[in-house]
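Summary of the model geometry
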Amino acid sequence: MKIHVYEDAAKIGKAAALIFAAKIIEKPDCVLGFATGSTPLPMYEALVELRNLGLINFSLARTFNLDEYAGIDRSHEQSYYRFMFDNLFSKVNINPENVMVPYPVSANPDDDCKAYDATIDAAGGIDLQILGIGHNGHIAFNEPGYVFPAGTHIVDLSDSTIEANKRFFASADEVPRQAITMGIGSIMKAREIVLIATGRGKAEAVSAMINGEIDPMCPASILQLHPAVTVFLDKEAAALI
Ligand code: GLP
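Only a predicted model underlies this, so the values are computations on that prediction, with no experimental measurement involved.

Digging into the sheet that holds strand 4 (residues 67–69)
- The three strands are arranged 4-8-7 in an open sheet whose pairing can be described as antiparallel. Every other strand in the sheet has two partners, leaving strand 4 and strand 7 (153–156) as the edge strands with one partner each. Across the sheet, the mean angle separating the axes of adjacent strands is 25 degrees when strand polarity is ignored.
- As paired elements, strand 4 and strand 8 (residues 178–181) share three bridges and run antiparallel to each other.

Put into structure tokens, the structure is as follows:
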């Protein structure tokens, strides 16, 4: 695990964006894994800037998002599908047909989960994945538990996650209780991972991820076993490492 501590979130966003830009230049038809949340926003802004300067071309890139709330429509202003179009996809020259965000559509959501993993595999696997981290150490929506879930699955959101995400909704009651998420196994199959954490509120989770035991009670701790993880932290998030 390579760990870089930067002054602020904007600098981290630029540094992380350059890793994605390098991947797109090296392999124009690369498969990118994207995340939502407030943490990757500076990176998406920096990617839009690089595109506007004509330095990167998304036309052949394919993307897979980590997760999505269950029970809200894709047109909902807090859906992750909408988040990605609002913050990145509508601002760069990506082909909307190459964009995948998980979404349970059939009567049997387990089939949708298996289909999502099969689509990632058929695309050749994810070359480069961006991750944030939850206050409880979750990655994507893999909540603390007794096992590391392998594939894409439906998950009940923890109280900690509902509490953290209520800022995007009118009240905690409106936060969906379930989500569809790539599993830890799906994430670990990515060839390269960049994780960003900013703010003092993430310091405990970051410390458990880096210095703690590999334990599904801190899902991000599994990243200690991945061969190519780069972690970008600001000073607050790095306070306990
Ligand atoms: C959300 C997402 C995660 C994200 C995390 C942190 O619930 N499912 O992918 O990393 O919470 O979000 P934020 O970056 O807003 O702190």
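Text resumes after the structure shown.
Details of the side chain of Thr-36
- Considering the arrangement of structural elements, one finds Thr-36 in the loop between strand 2 (31–34) and helix 2 (41–52).
- With relative accessibility at 12%, the residue Thr-36 sits in the buried group.
- Among residues more than four places away in sequence, those in contact with Thr-36 are Asn-65, Asp-67, Tyr-80, Phe-83 and Met-84.

Examining the environment of Leu-233
- If you trace the backbone, Leu-233 turns up in strand 10 (residues 229–234).
- A relative accessible area of 0% means that Leu-233 is categorised as buried.
- Along the chain, Leu-233 and Gly-125 lie 108 residues apart, while their C-alpha atoms are 26 Å from each other.
- The contacts of Leu-233, once residues within four sequence positions are left out, are Ile-3, His-4, Val-5, Tyr-6, Ile-12, Ala-197, Val-206, Ile-210, Ala-238 and Ile-241.

Thoughts on helix 4 (residues 109–122)
- Along its 14 residues, helix 4 runs 20 Å from first to last C-alpha, staying within 8% of the 20 Å computed at 1.5 Å per residue.
- Residues of helix 4 that are buried sit in contact with strand 3 (62–65), strand 5 (99–100), strand 7, strand 8 and helix 6 (184–188).
- Taken from the residues just after helix 4, Gly-124 is the one with a positive phi, measuring 100 degrees.

Description of the pattern of salt bridges
- As enumerated under the stated definition, the model contains nine salt bridges in all.
- We note a salt bridge from Arg-191 to Asp-127, for which the minimum N-O separation is 2.9 Å. Of the two residues, Arg-191 sits in the loop between helix 6 and strand 9 (192–197) while Asp-127 sits in the loop between helix 4 and strand 6 (128–131), which places them 64 residues apart along the sequence.
- Given a relative accessible area of 44%, Arg-191 falls into the partly exposed group.
- Overlapping salt bridges bring together Lys-23, Glu-26 and Glu-192 as one network.

Quick notes on the nonpolar core
- Among the nonpolar cores identified, the biggest contains 63 residues, and Phe-34 and Leu-47 are the most heavily contacted of them.
- Of all the elements, helix 1 (residues 9–26) adds the most residues to this core, at seven residues.
- Tyr-80, Val-155, Leu-157 and Val-175 belong to the second-largest nonpolar core, a separate cluster that totals 10 residues.

Remarks on the site of the ligand
- Neighbouring the ligand are 13 residues, the closest being Ser-38, Thr-39, Asp-67, Arg-167 and Lys-202.
- One of the backbone nitrogen or oxygen atoms of Ser-38 is found 2.8 Å away from an oxygen atom of the ligand.
- Protein contacts shield 95% of the accessible area of the ligand, which totals 390 Å² for the unbound molecule.
- For the shell around the ligand, a count of residues per class yields four nonpolar, six polar and three charged.

Comments concerning the packing of helix 1 against helix 2
- The interhelical angle for the contact between helix 1 and helix 2, taken along N-to-C directions, is 55 degrees, at an axis separation of 7 Å. In terms of axis orientation, helix 1 runs oblique to helix 2. As helix 1 packs across helix 2, the resulting crossing turns out to be right-handed. Contacts between helix 1 and helix 2 involve Ala-9, Ala-10, Gly-13, Lys-14, Ala-16, Ala-17, Leu-18, Phe-20 and Ala-21 on the former and, on the latter, Pro-42, Met-43, Ala-46, Leu-47 and Leu-50.
- Each residue belonging to the contact of helix 1 with helix 2 can be placed in one class, and the counts come to 12 nonpolar, one polar and one charged.

Rules used in this analysis
Residues numbered from 1 in each chain as written. Predicted model: local features only at pLDDT ≥ 70, side-chain atom pairs only at ≥ 80, totals over all residues. Heavy atoms only, no water. Pairing = 2+ DSSP bridges. Helix = DSSP H or I, 4+ residues; strand = E, 2+ residues; numbered from the N terminus. Axes fitted to C-alpha atoms, helices over the stretch in contact; angles between N-to-C directions. Buried < 20%, exposed > 50% of the residue type's maximum accessible area, 1.4 Å probe, protein only. Contact = heavy atoms within 4.5 Å. Expected span 1.5 Å × (residues − 1). Salt bridge = Lys/Arg side-chain N within 4 Å of Asp/Glu carboxyl O. Core = buried A, V, L, I, M, F, W, Y, C linked by side-chain atoms within 4.5 Å. Near = heavy atom within 4 Å. Polar contact = N/O pair within 3.5 Å; in protein donor to acceptor, adjacent residues only side chain to side chain. Areas by Shrake-Rupley, 256 points an atom, 1.4 Å probe, with all protein chains shown as cover. Nonpolar A, V, L, I, M, F, W, Y, C, P; charged D, E, K, R; others polar. Parallel < 35°, antiparallel > 145°, perpendicular 65-115°, else oblique. Left-handed = near helix turned anticlockwise from the far one by under 90°.

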